[in-house]
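Letter by letter, the chains look like this.
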Amino acid sequence: MNKRILEMIGGRLAVAVLSLFLVSLAVFFITELLPGDTAQELLGQAVTTEAAAQLRETLGLDRPAILRYFEWIFGLLTGDLGYSHVSDRPVANLVAERLPNSLTLAAITMAITIPLALGLGIVAAIWRGSIFDRAISSAAIMLVSFPEFMIATLLVMWLSVYMQWLPALSFIPATADFRTIVLAFIMPVSVLVFGSCSQMIRLSRAAIADAMATPYVEMAVLKGASRGRMVLRHALPNSVAPIVNSVALSMSGLLGGVIIVETVFNYPGLAKLMVDGVSTRDMPLIQTCSMIFCGFYLVLITAADIIAILSNPRLR
Amino acid sequence: MTVSAAPRRKIRMHIRPIAAVCLAVVLFWTIVAMFAPLLVHYPVGDMVSYDYFGPMSGEYWLGTDYLGRDIYSRLIVGARYTIGIAFVGLILAALIGITLGLLAAAFGGLFDMVLSRAIDTFVGIPNLLLALVIVAGGGSSIPILIFAITIIFFPGCFRFTRSMAVNVNALDFISAARARGEGHFYVMIHEILPNIVGPIMADLGLRFVHIILLLSGLSFLGLGVQPPFADWGGLVRENMIGISYGSPAVVVPSLALASLALAINLLIDNLPQRIRDQLE
């Protein structure tokens, strides 16, 4: 590893930290500055001007927003995730219960989606123009067009209601055996895989196709390399950067999918917690959950960029 | 790449059958959304039948929903919400994104750098998450939904326009225009924009699909268009219990949404190769 690579990686990390800071500003001030108020929301029907003012003072909402922003961000950095006034519990407790569930769901999905999507994308690129390629590309374009909730509801109708093979909800009791757990995961994971693989297939196919148009691949063809060797040995190593990027970018879509899927299947994850928080306008919870999601997303994007830098043969 | 006066090419309008079908579907839903009030059979909020989740019939073309309301009428009006809100949001996002993108490309330098960095912030927040945050802050109303769509989708328009415009900006005829003393704004509007308008329109089409999917997703979560009104996502949400009865109330709005999204995606996928090359 040379100095140039280290500098580029350092620069990328600095950008990531700056982005996270800007994201935190955006999240905090969007939730704070638009009209609407936690105090009024908490009091509901019983709201009077005095009561609201009193509650605002108790909650510290009467102080300037910029001050509260710095308190919030300092709290996050020191591990204090805030206090949910709606459920009257520390946000950290709520998050700790739910985060592992969401991570499990996302990890299983990625473990299936990434090899599947890249495999299909690469095979489609090897046999470009074939019936197989056209079938994959058409399937991908259909899946991009279908909303996750539609795939989810149709699967529930088919597999739970008509066939009665799978449970419609993914609530897993603590005493559940392995089979119950697997059955509960099949539908949510399938919906997420359907939702997130299409973009990855299209982008990885396009990345390989781009690399196939380069002079060095033409050279390989002239030397008599087979089609498979041309793709796997020559085009693929040079397409790592765009492919890794497409994987990272599809994480944005995956998060969207997780939000929908956790709601449909009533899965006890962080995204469901946040959606419930939005309905009850539980601001500290929403702010913290947003930062956790954005944090994960930025880590993935940054990791992808670093892999892209490391994989660039010209920098080695 | 050399740029000279292009020889006048014969424009061959070779329309593939699949593109024609897709165009028909898009036009169909556009017309439905525009003339929704003339097409409904019953007012959307009215409970017209005692039969919950009733089947399709001559009287209720697509059956009835969980309150015995006419699904056909709600679907038609739902089209208006989904397409209308998405369209207004798209127009605002496009106006802001394209204008800033052209400005960034034409002026360049520090202005471009600061603007690009600032706008990149929004790219660091996944779409649906940002929508949740905005709805949490502002409550769910149609202006807030339009605002959310604008905020979420203008950065993409900006980046796309900017990258296209930067490429064009480096070409000879732009230098020629600048050399004869044209200002930044003239160059932006008369020299750059006409050369990138095709790919931009196609890109906006793809964005429109993302918008309707996002908006329906939000309504499906109960955070979009509020009852008693409903867009397509909201219709699926409110009739979710109808799944067990195999009610058309759940399937039909989903299919409507999918048909529109698929039609637009396929239409753009079947555009002339010249425009598609620039899209990637």
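Residues numbered from 1 in each chain as written. Chains lettered and ligands numbered in written order. Predicted model: local features only at pLDDT ≥ 70, side-chain atom pairs only at ≥ 80, totals over all residues.

Student: Sorry, what's going on with the overall build of chain B here?
Tutor: Across its full length, chain B holds eleven helices and zero strands. In chain B, the order of α-helices and β-strands from amino to carboxyl end is α-α-α-α-α-α-α-α-α-α-α. Expressed as lengths along the three principal axes of its C-alpha atoms, the size of chain B is roughly 75 × 50 × 30 Å. In chain B, buried positions account for 47% of the 280 residues. Taking the contacts inside chain B whose residues are at least 6 apart along the sequence as the reference set, 67% of them involve residues at least 24 apart. (Helix = DSSP H or I, 4+ residues; strand = E, 2+ residues; numbered from the N terminus. Buried ≥ 20, exposed ≤ 12 C-beta atoms within 10 Å, placed from the backbone. Contact = placed C-beta atoms within 7 Å.)

Student: Quick question: what am I supposed to make of the nonpolar core here?
Tutor: One broad trend across soluble globular proteins is that nonpolar side chains are buried collectively. All names here are of chain B. Residues Ala-131, Leu-132, Val-135 and Ile-149 are the most contacted members of the largest nonpolar core, which totals 163 residues. No other element matches helix H3 (residues 71-107), which puts 20 residues into this core. Leave out the neighbours within four places in its chain, and Ile-149 touches Ala-86, Gly-89, Ala-93, Ile-211 and Leu-215. (Core = buried A, V, L, I, M, F, W, Y, C linked by C-beta atoms within 7 Å.)

Student: I would appreciate a short explanation of helix H8 (residues 184-220) of chain B in the present structure.
Tutor: Residues spaced three or four apart along an α-helix point in a common direction, a consequence of the helix completing one turn every 3.6 residues. Residues and elements named next belong to chain B. For H8, spanning 37 residues, the distance from its first C-alpha to its last is only 45 Å, which falls clearly below the expected 54 Å at 1.5 Å a residue. Of all the bends in H8, the largest measures some 60 degrees and sits at Leu-193, one to four residues before the proline Pro-194. Immediately beyond the C-terminal end of H8, within one or two residues, lies Gly-222, with a positive phi of roughly 85 degrees. (Expected span 1.5 Å × (residues − 1). Bend = angle between axes of the 7 residues up to and from the residue.)

Student: Is there a simple way to explain the packing of helix H9 (residues 215-222) of chain A against helix H10 (residues 227-235) of chain A in this structure?
Tutor: Residue and element names in this part refer to chain A. In contact at an axis separation of 10 Å, H9 and H10 are set at 140 degrees when each is read in the N-to-C sense. Classified by the interaxial angle, the pair formed by H9 and H10 is oblique. When you trace H9 past H10, the crossing you get is right-handed. On H10, the residues that touch Tyr-216, Val-217, Ala-220 and Val-221 of H9 are Met-230, His-234 and Ala-235. Residue composition of the contact of H9 with H10, by class: six nonpolar, one polar and no charged. (Axes fitted to C-alpha atoms, helices over the stretch in contact; angles between N-to-C directions. Parallel < 35°, antiparallel > 145°, perpendicular 65-115°, else oblique. Left-handed = near helix turned anticlockwise from the far one by under 90°. Nonpolar A, V, L, I, M, F, W, Y, C, P; charged D, E, K, R; others polar.)

Student: Help me out: how do you make sense of unusual backbone geometry in this one?
Tutor: Peptide bonds are mostly trans, and most non-glycine residues show a negative phi. Along the chain, Pro227(B) connects to Pro228(B) via a cis peptide bond; the corresponding omega equals 5 degrees. At Asn266(A), a position not held by glycine, the phi torsion is positive, near 55 degrees. Topologically, Asn266(A) is positioned in the loop between helix H11 (240-264) and helix H12 (270-280). Despite not being glycine, Arg281(A) has its phi angle at roughly 55 degrees, a positive value. If you trace the backbone, Arg281(A) turns up in the loop between H12 and helix H13 (283-311). Arg281(A) sits in the buried class, given 21 other C-beta atoms within 10 Å.

Student: What is the right way to read the environment of Glu71(A) from this model?
Tutor: Residue and element names in this part refer to chain A. Relative to the helices and strands, Glu-71 resides in helix H4 (residues 65-77). Given 14 C-beta atoms within 10 Å, Glu-71 falls into the partly exposed group. The spacing of Glu-71 and Met-283 is 212 residues in sequence and 15 Å in space, taken between C-alpha atoms.

Student: Would you mind showing me how to read the packing of H11(A) against H12(A) here?
Tutor: Helix-helix packing is characterised by the crossing angle of the two axes and by the distance between the axes. Residues and elements named next belong to chain A. The geometry of H11 relative to H12 is characterised by a closest axis approach of 8 Å and an angle of 80 degrees between their N-to-C directions. In terms of orientation, H11 and H12 fall into the roughly perpendicular class. Taken together, the residues of H12 that come into contact with H11 (itself represented by Val-258, Ile-259, Glu-262 and Thr-263) are Ala-271, Lys-272 and Val-275. Residues of the contact of H11 with H12, tallied by class, amount to four nonpolar, one polar and two charged.

Student: Would you mind going over the interface of chain B and chain A with me for this structure?
Tutor: How big an interface is tends to be stated in terms of accessible area lost as the parts join. Each partner contributes to the interface: chain B provides 38 residues, whereas chain A provides 40 residues. If you list the elements that add at least two residues to the side of chain B that touches chain A, you get helix H5 (127-138), H8, helix H9 (232-238) and helix H10 (248-269) of chain B. In terms of residues, the side of chain B that touches chain A owes the most to one element, H5(B), which gives ten residues. Of the residues that constitute the side of chain B that touches chain A, the class distribution is 22 nonpolar, 14 polar and two charged.

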